[in-house]
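# Structural description and commentary
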Amino acid sequence: MQPLMQVPLLDLAAQYAPIRDAVVEAVTRVIDTQQFILGSEVNAFEAEVAAYLGARHAIGVSSGTDALLVAMMALELGPGDEVIVPTYSFFATAGCVTRTGARPVLVDIDPVTCNLDVQAVRRALTPRTRAIVPVHLYGQAADMTPLLALAREHGVSVIEDAAQAIGATLDGRSLGTLGDFGCFSFYPSKNLGAAGDAGLVTVQDDALAVRVRMLRVHGAQRTYHHEKVGGNFRMAAIQAAVLRVKLRHLEAWTQARRRNADRYRALFASLTPAAPVQLPVELPGRRHIYNQFVVRAARRDGLRDHLRAHGVGCEIYYPVPFHLQPCFGDLGAPAGTFPEAERAAAETLALPIYSELNEAQQQYVVETIAAFYAPA
Ligand SMILES: *Cc1c(COP(=O)(O)O)cnc(C)c1O
């Protein structure tokens, strides 16, 4: 049977159509200059995004993963060091720690937000802890106030993984500007998406910013004179040009996502009987930007298959926590170690939430979910 409607998880073509001329003009401008790496386009984007976020320094890099890696390299992490990360996130959060030679120390998550559990962080601190990486998962702030106090008390750095959280705030302040570093991704599915890979590091401290800029270009402040071993973490000028166009629309897109979240709340609230689906909670003082609208559902895998069969895109972020990944088997945390993360992996499902989604589509998503749970 043909589905009645197609509702993709994300529709980048719908976002692109009204800005096509501006994007093509910006890309053409870069191609006409033949200046493809860093340069004035990247400088201009850095200034504009720093102003948007209220960050002291914003440094364009090659991806969100590289943003995390270069921040960790700027702290000179290495063998013998420990970095506390939630066991439930996108792989890069923990993978980058291992790449520096340091050891990721995994902690469980808070069941309400799926962000790291600050009490678990407290228990995981040791004299070897050098940094903590809170992830603002799905676009809502981690519990930063007690976390920053804990970090300060123990003299450890805070690297915010804000890859999913551009424009989200805590008590009015942008995520990514609260810790020592903020790491953003412009992967196309993020709220501010490039035309390929790109990322950003925000830094509050001037000396650390100098170090990140140097590490971005193989540790050289002067070309061919290398003070540190860095990498190629450079941002492409075409990406900066596209991001400059899209940054002007980001606030409106964010508001549309938030409106869509409210619409889902109203639509689910009107179901009788109610569906056994828990909606995401927006905590006081934390402006959620809904990079993902993630519900917790009974019989999740069945619901996922049912939605897909009826034309509704949905995805599991994430099906396997870090401690159950083969590459982290040596961390010695077998199944059962982090029950909240394991429960989240079994229950979470992301529904379409992109800005251009319309009410009829959302109604169809909710009706399709209701039909799955309806007694036969
Ligand atoms: C997307 C993402 C990253 C990595 O960003 P890339 O640009 O894909 O390298 C890191 N952490 C989180 C939480 C992400 O969602």
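Right above here is the structure, for reference.
Residues numbered from 1 in each chain as written. Predicted model: local features only at pLDDT ≥ 70, side-chain atom pairs only at ≥ 80, totals over all residues. Heavy atoms only, no water.

### Focus on the packing of aromatic side chains
Defined as follows: Each aromatic pair joins two rings of Phe, Tyr and Trp (for Trp, the six-membered one) with centres within 6.5 Å, and gets the label stacked for planes under 30 degrees apart, edge-to-face for over 60, and tilted for any other angle. The helix count covers DSSP runs of H or I at least four residues long, the strand count covers runs of E at least two residues long, and both are numbered beginning at the N terminus. In this scheme, a residue with accessible area under 20% of its type's maximum is buried, one over 50% is exposed, and one in between is partly exposed, where area comes from a 1.4 Å probe on protein chains only.
Applying the stated criterion across every chain, the model contains eleven aromatic pairs. Consider the rings of Phe 45 and Phe 186, whose centres lie 5.6 Å apart with planes at 80°: the pair is edge-to-face. Of this pair, Phe 45 sits in helix α3 (residues 40-53) while Phe 186 sits in the loop between β8 (181-185) and β9 (199-203), and the two are 141 residues apart along the sequence. Residues Phe 45 and Phe 186 agree in their burial class; the two are buried.

### Brief notes about the sheet that holds strand β2 (residues 82-86)
Counted only if it meets this: In this analysis, strands are considered paired if DSSP registers two or more bridges between them. The axes used here are C-alpha line fits, helices contributing only the stretch in contact, and every angle between their N-to-C directions lies in the interval 0 to 180 degrees. Only heavy atoms matter for contacts: two residues are in contact if any of them lie within 4.5 Å across the pair.
Strand order in this open sheet of seven strands is β1-β9-β8-β5-β4-β2-β3, and the pairing throughout is mixed. At either end of the open sheet lies a strand with only one pairing partner, and these are β1 (57-61) and β3 (103-107). Neighbour-to-neighbour, the strand axes of the sheet open up by a mean angle of 25°, direction not taken into account. Of the strand pairs in this sheet, β8 and β9 are connected by five bridges, and their pairing is antiparallel. Paired with Phe 184 across the two strands is Leu 200, which belongs to β9. Where α3 meets the sheet, its contacts fall on β1, β8 and β9, and the angle it forms with β1 comes to roughly 130°. Strand contacts of helix α7 (residues 144-154): β4 (129-132) and β5 (157-161), with the helix running at about 150° to β5, the strand carrying the most contacts.

### Overview of a nonpolar patch on the surface
The line we're drawing: Each patch groups residues whose relative accessible area exceeds 30% and which form no salt bridge, using 9 Å between like charges and 5 Å between nonpolar side chains of Val, Leu, Ile, Met, Phe, Trp and Tyr. Per-residue and other accessible areas follow the Shrake-Rupley method at a 1.4 Å probe size, with only the shown protein chains counted as cover for residues. Put simply, a salt bridge is a Lys or Arg side-chain nitrogen that is within 4 Å of an Asp or Glu carboxyl oxygen.
Together, Ile 31, Phe 36 and Ile 37 line one region of the surface with nonpolar side chains, adding up to about 250 Å² of accessible area. Position of Ile 31 relative to the elements: it lies in helix α2 (residues 20-33). The partly exposed category is assigned to Ile 31, whose relative accessible area is 38%.

### Comments concerning the site of the ligand
For clarity, the cut-off: Nearness is judged by heavy atoms alone; a residue qualifies as near a molecule or strand once a single heavy atom is within 4 Å of it. Residues adjacent in sequence count toward polar contacts only when both atoms are side-chain atoms; beyond that, a polar contact is any pair of N or O atoms within 3.5 Å, and within protein one must be able to donate a hydrogen and the other to accept it. Here a cavity is any set of points on a 1 Å grid over the protein atoms alone where a 1.4 Å probe fits but cannot get out, and a pocket is any open set with protein on both sides within 12 Å along at least 5 of 7 lines; a residue lines the site when it has an atom within 4 Å of a point. Occupancy of a cavity or pocket is assigned to a molecule whenever over half of its atoms lie within 2 Å of that pocket's grid points.
As a structural note, the neighbourhood of the ligand is formed by 14 residues, with Gly 64, Thr 65, Gln 164, Ser 185 and Lys 190 the closest of them. Here an oxygen atom of the ligand and a backbone polar atom of Gly 64 are 2.8 Å apart. Asp 161 places a polar side-chain atom, nitrogen or oxygen, 2.8 Å from a nitrogen atom of the ligand. In the complex, the protein chains occlude 93% of the 380 Å² of accessible area that the ligand would expose alone. The cavity that encloses the ligand is the largest pocket. At the level of elements, α4 (64-74) and α5 (92-100) are the ones that each hand at least two residues to the shell around the ligand.

### Digging into unusual backbone geometry
Thr 272 connects to Pro 273 through a cis peptide bond whose omega is -5°. Examined against the element boundaries, Pro 273 turns out to sit in the loop between α9 (237-269) and β12 (277-278). Going from Tyr 317 to Tyr 318, the amide bond is cis rather than trans, its omega being 10°. Of note, Tyr 318 is situated in the loop between α10 (300-309) and α11 (339-347). Of note, Leu 38 is a non-glycine position whose phi angle comes to about 50°, a positive value. Its location among the elements puts Leu 38 in the loop between α2 and α3. Unlike most non-glycine residues, Arg 299 shows phi in positive territory, near 50°. Residue placement: Arg 299 occurs in the loop between β14 (293-297) and α10.

Geometry only, nothing functional implied.
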